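Below, each chain spelled out in residue letters.
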Amino acid sequence: MVHGGAWEIPGVAAPACRTGCRRALEAGERLLDRGGSAVDAVEAAIAVLEDDPVFDAGIGSHLNLRGKVQLDAILMDGETLEAGAVAAVERIRNPIRLARRVLEASRHILLVAEGAEEFAREQGMPLCLPDELITEWQLAAWLRCRDAGHSSAHHFASPQGTVGAVAIDATGRIAAGTSTGGTCCKYPGRVGDTPLIGCGCYADSTAGGASSTGLGEAIMKIVMAKSAIELLRGGAEPQAAAARMIQLLGERGRGAGGVILLDCQGRIGACFNTPQMAYAYRDSTGGLVLSP
Ligand code: ASP
């Protein structure tokens, strides 16, 4: 299952969000069909979403207060509980691919800013120019905020969706990941929930996988992804667990967002308290389900 963020998706943007989610789901499925692991599938699906300027991840991300893109991403392997994450990177086109390198080739879980980019260089990953991540759409929204004061209205109809994926493979291995440009006009250096293990994502093959989206400052307060997995471990149905977490996000976190879940039987759960959330998944009969 993949998501393209929980927000007020204007009618004009909805088809592009659906198409992007479907293409990402298919990229992940192709790998699973060829015997790839859940980790491969989640990485591939999220890379497609990062490359799609309609989402707030990779190219097309929100600009921060100083007009820069700073990206966060995480990838977690539910078999080993190993995770790799990066935060506040400015020269990485696909932060999820760098998160995979951190997962596999570093003894750390989270690398930030210049250190993360130095690690990318060491790993032979190309660095891009910061401007390559900026789209005209996002620049226009940022200029409106700079000139008239920040307002979410200035971003209406420009891409706003963090992206994420959860997958289970033929061996029962579960993986989850999330990638974002963060919130619009965020303070430089601000890092939200996304790259934090247990907040932006969590995966444990003995219970399930989760990917979060929404206001990071609220999601962190309730450690949303790990809390959702603990509900699954306690026997909750994925849909009930997702609904409970979103209720908590509103009541205790005082924020808006969404979560997608997969349990170890491959059952899906998804809930959000925003007007919409973009998503795509396969139901138990193999049918494709897309957000409206
Ligand atoms: N959770 C992301 C953040 O706070 C934003 C989002 O999901 O829309 O950085």
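Preceding this section is the structure that the text describes.
Worth saying up front: this structure is predicted, and the values here are computed from it rather than measured.

Draft legend 1. Structural view of the overall build of the protein. Scanning the protein from N- to C-terminus turns up eight helices and twelve strands. The globule rule puts the C-alpha radius of gyration for 292 residues at 19 Å, and the 17 Å found for the protein is close to it. In terms of its C-alpha atoms, the protein occupies a principal-axis envelope of roughly 50 × 40 × 35 Å. For the protein, long-range pairs separated by at least 24 residues make up 66% of all intrachain contacts whose partners lie at least 6 apart in sequence. For the protein, the exposed area adds up to about 11600 Å²; of that, 52% sits on carbon and sulfur atoms. With 27 positive and 33 negative side-chain charges, the protein shows a spacing of 3 Å between the two charge centroids.

Draft legend 2. View of unusual backbone geometry. A positive phi is found at Leu81, a non-glycine position, where the angle reads about 65°. On the secondary structure map, Leu81 appears in the loop between strand 2 (71-77) and strand 3 (82-89). Residue Leu81 is classed as partly exposed on the basis of its relative accessible area of 39%. For Ala113, which is not glycine, the phi torsion reads 45° and is therefore positive.

Draft legend 3. Examining the environment of Gly20 more closely. Within the element layout of this structure, Gly20 appears in helix 1 (residues 14-33). Sequence spacing of Gly20 and Asp52 is 32 residues, and the spatial spacing of their C-alpha atoms is 6.9 Å. Every residue in contact with Gly20, bar those within four places of it in the chain, is listed here: Leu49, Asp52 and Phe55.

Draft legend 4. Examining the pattern of salt bridges more closely. Applying the stated criterion across every chain yields a total of 19 salt bridges. As a salt-bridge pair, Glu43 and Arg100 come within 2.7 Å of each other at their nearest N and O atoms. On the criterion of sequence distance, the pair formed by Glu43 in helix 2 (residues 38-51) and Arg100 in helix 3 (residues 95-105) is long-range, its members being 57 residues apart. The same class applies to Glu43 and to Arg100, which are both buried. The closest approach of N and O atoms between Arg233 and Asp204, which form a salt bridge, is 2.9 Å. Here Arg233, found in helix 7 (residues 224-233), pairs with Asp204, found in strand 7 (residues 201-204); they are 29 residues apart in sequence, far enough to count as distant. Residue Arg233 is classed as partly exposed on the basis of its relative accessible area, which comes to 39%.

Draft legend 5. Structural view of the nonpolar core. Judged by nonpolar contacts, the single largest core of 36 residues is most densely connected at Met1, Met224, Ile229, Leu249, Val259 and Leu261. Beyond its immediate chain neighbours, meaning those up to four positions away, Leu249 contacts Ala218, Ile219, Ile222, Met224, Arg254, Gly255, Ala256, Gly257 and Asn273. Listed in part, the 32 residues of the second largest apolar core include Val2, Leu25, Ala38 and Ala57.

Quick notes on the rules
- Residues numbered from 1 in each chain as written.
- Predicted model: local features only at pLDDT ≥ 70, side-chain atom pairs only at ≥ 80, totals over all residues.
- Heavy atoms only, no water.
- Helix = DSSP H or I, 4+ residues; strand = E, 2+ residues; numbered from the N terminus.
- Rg over C-alpha atoms; globule rule 2.2 N^0.38 Å.
- Contact = heavy atoms within 4.5 Å.
- Areas by Shrake-Rupley, 256 points an atom, 1.4 Å probe, with all protein chains shown as cover.
- Lys, Arg positive; Asp, Glu negative; His and termini not counted.
- Charge placed at Lys NZ, Arg CZ, Asp CG, Glu CD.
- Buried < 20%, exposed > 50% of the residue type's maximum accessible area, 1.4 Å probe, protein only.
- Salt bridge = Lys/Arg side-chain N within 4 Å of Asp/Glu carboxyl O.
- Core = buried A, V, L, I, M, F, W, Y, C linked by side-chain atoms within 4.5 Å.

Keep in mind that these numbers describe shape and distance, not what the molecule does.
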